[in-house]
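Here's the letter readout for the chains.
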Amino acid sequence: MINLLKLNEKYDSFFHSISLDAGSCRGCINCLKRCPTEAIRVRKGKSEIINEYCTDCGACIRVCPHHAKKATFDSLDYMSEYEYKIALPPPELYAQFNNLDDKNLVLNALVSLGFDDVYEVASAAELVSEITRKLLKDEKTRLPVISSACPSVIRLIRVRFPNLVDSISPIVSPMEMAANAAVQLAMLRTRLPREKIGVFYITPCPAKVTEIYAPLGVSKSQIDKAVALSDIYPRLLPLMKKIAADETGSFPKELGKAGRIGISWGCHGGEAGGLLTDKYLAVDGIENVIKALEDLEDSKFKDLEFIELNACSGGCVGGVLAVENPYMAKVKLTTLRKYLPVSGTHIDEAVPPYAYHDKKIEYQPVYSLGETLEESISLMNKVDELVKRFPGLDCGCCGAPTCRAHSEDVARGIASERDCIHILRNYVNKKEELKKFED
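Residues numbered from 1 in each chain as written. Predicted model: local features only at pLDDT ≥ 70, side-chain atom pairs only at ≥ 80, totals over all residues. Heavy atoms only, no water.

(A) Structural context of empty space enclosed by the protein. What the rule picks out here adds up to seven cavities of 30 Å³ or more. Roughly 200 Å³ of internal volume is contained in the largest cavity. Looking at the largest cavity, it is lined by 21 residues, and the ones nearest its centre are Ala-149, Pro-174, Lys-208, Trp-265 and Cys-316. With three residues, the single largest contributor to the lining of the largest cavity is helix α6 (residues 121-137). In the lining of the largest cavity, the residues fall into 13 nonpolar, four polar and four charged. (1 Å grid on protein atoms, 1.4 Å probe; cavity = no way out; pocket = protein on both sides within 12 Å on 5 of 7 lines; lining within 4 Å. Points joined across faces, edges and corners; volume = space filled by probe spheres on them. Helix = DSSP H or I, 4+ residues; strand = E, 2+ residues; numbered from the N terminus. Nonpolar A, V, L, I, M, F, W, Y, C, P; charged D, E, K, R; others polar.)

The following block contains the structure:
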């Protein structure tokens, strides 16, 4: 019999950047009902996160009225540990500021904040787009290709959609591409060893923090620290105002190279749009992503070359660590990219080796009920019997999101049938009737 403790011990490699503040949790089951992977249970009045089910999508952070779910990220104080500091701003950072018509204001503000250099993730995104276009033209490529840009989606596929794992793009995400390129340039410019160079990614979501510290597809991330977009945003505002007010003409310096393709990656459909094909599907919002993956696994989509999937509604601009409303943020990016070239970054020579995954992404059957096939079949039969005893209301009052999930917990031995208030009520009524009969 499997228990939750044993499962978490078995999959202790599942690092997560979402944590629970038990002191703030009131067991309200809001997170329980909204978790798309059924990774949350409420036991003894407090929620618990099942480690191996969680994909760090951040849905629980959005809906928790008591702020008991928190995203973990790094402090800017870590900058003091490195001799040379590089900031990796994603395109969604630009979308947080009002009336921004020159992204160099943001990039110069990052330098004023203490970074020695900046490398736009949007520039790396244009490289990824270019490499992906070549990949789609290769006759050996299995179509459709699923984007590897959203780590929450990749983790979801890894644990829930085994037949789709091999369809994930072998190309690294733009943030990883940017980190590798930035490190190579910094080492050439400064002659410093790698350990003295600090690479800081400005993240809009907790899933990317997890991807940095427990990467999929690469053996080790070249990003050293992840700082929250919401943490760095208020620090940049006064610096940007100061740079904009400078009358010497020395600011802002031209630090940004990305064009429309790279900037568009910050929003839903931006990645697919940069592939110059109309044979694509772009889906945002984790619930919609799950439905699309189910349909894809059932071969319901035909003649597609590429599938862009974003766990956050609106794309990366909708990350829980972003500041601006995602729909307003999209408007801002559309305005910002209006006068930019189509693409500002290109591959001059051969594709660099760091552009591809160096480690296979493998299916991990965390939802299996048993250790062996025989045990799993036995437990599945037990679950089928148990679920018939419950009312099918999926109310969440038992501490599990659905009656079937509760049946699985009971079969595993980590919950009781009488955790269901309807079963408990019937049990109490029978006890009272028996007591009256005895009296």
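(B) Here's a closer look at the pairing of strand β8 (residues 197-203). Counting buried residues along β8, seven of its seven residues qualify, which places the element largely inside the surrounding structure. Across the two faces of β8 the burial is the same, with Ile-197, Val-199, Tyr-201 and Thr-203 and Gly-198, Phe-200 and Ile-202 all buried. Across four bridges, β8 lies against strand β9 (residues 225-228) in parallel orientation. Bridge pairing in β9 places Phe-200 opposite Lys-225. In the classification by handedness, the crossover that spans β8, the intervening helix α9 (residues 206-213) and the parallel β9 is right-handed. (Buried < 20%, exposed > 50% of the residue type's maximum accessible area, 1.4 Å probe, protein only. Pairing = 2+ DSSP bridges. Right-handed = clockwise from strand over helix to strand, strands pointing away.)

(C) The pairing of strand β5 (residues 84-88), seen in detail. Buried residues dominate β5, accounting for five of its five residues. Alternating positions in β5 separate into two faces, Tyr-84, Ile-86 and Leu-88 on one and Lys-85 and Ala-87 on the other, with burial throughout. Examined bridge by bridge, β5 and β8 share five bridges and lie parallel to one another. Counted as the bridge partner of Lys-85 is Gly-198 from β8. Bridging between β5 and strand β6 (residues 117-118) involves two bridges; their strand directions are parallel. Counted as the bridge partner of Ala-87 is Val-118 from β6.

(D) Fine view of the sheet that holds strand β7 (residues 145-146). Here we have three strands laid out as an open sheet, ordered β7-β11-β10, and parallel in their pairing. Each edge of the open sheet is held by one strand with a lone partner, namely β7 and β10 (280-284). Both β7 and strand β11 (residues 306-310) contribute to a ladder of two bridges, which runs parallel. Bridge assignment links Val-145 to a residue of β11, and that residue is Phe-306.

(E) Seen up close, the layout of surface pockets. Looking at the largest pocket, its volume works out to about 660 Å³. Around the largest pocket, the lining comprises 22 residues; the ones closest to its centre are Tyr-119, Ala-181, Leu-185, Lys-257 and Thr-345. Elements supplying a minimum of two residues to the lining of the largest pocket: β6, α6 and α8 (174-190). Grouping the constituent residues of the lining of the largest pocket by class yields 11 nonpolar, five polar and six charged.

(F) Inspection of the packing of aromatic side chains at higher detail. Scanning the entire structure with this criterion turns up five aromatic pairs. Measuring from ring centre to ring centre gives 5.7 Å for Phe-15 and Tyr-213, while their planes differ by 40°; the resulting arrangement is tilted. Taken together, the residues Phe-15 in the loop between α1 (4-10) and β1 (18-20) and Tyr-213 in helix α9 connect sequence positions 198 residues apart. A relative accessible area of 34% places Phe-15 in the partly exposed class. Lying across the ring of Tyr-78, Lys-225 places its NZ or CZ 4.0 Å from the centre. (Phe/Tyr/Trp six-rings, centres within 6.5 Å; stacked < 30°, edge-to-face > 60°. Lys NZ or Arg CZ within 6 Å of the ring centre and 35° of its normal.)

(G) How the structure looks around the environment of Tyr-356. As for its placement among the helices and strands, Tyr-356 is situated in the loop between α14 (326-336) and α15 (373-387). With a relative accessible area of 35%, Tyr-356 lands in the partly exposed category. Distance from Tyr-356 to Leu-100, taken between C-alpha atoms, is 34 Å for residues 256 residues apart in sequence. When neighbours within four sequence positions are excluded, Tyr-356 is seen to be in contact with Ile-131, Pro-170, Ile-171, Val-172 and Val-351. (Contact = heavy atoms within 4.5 Å.)

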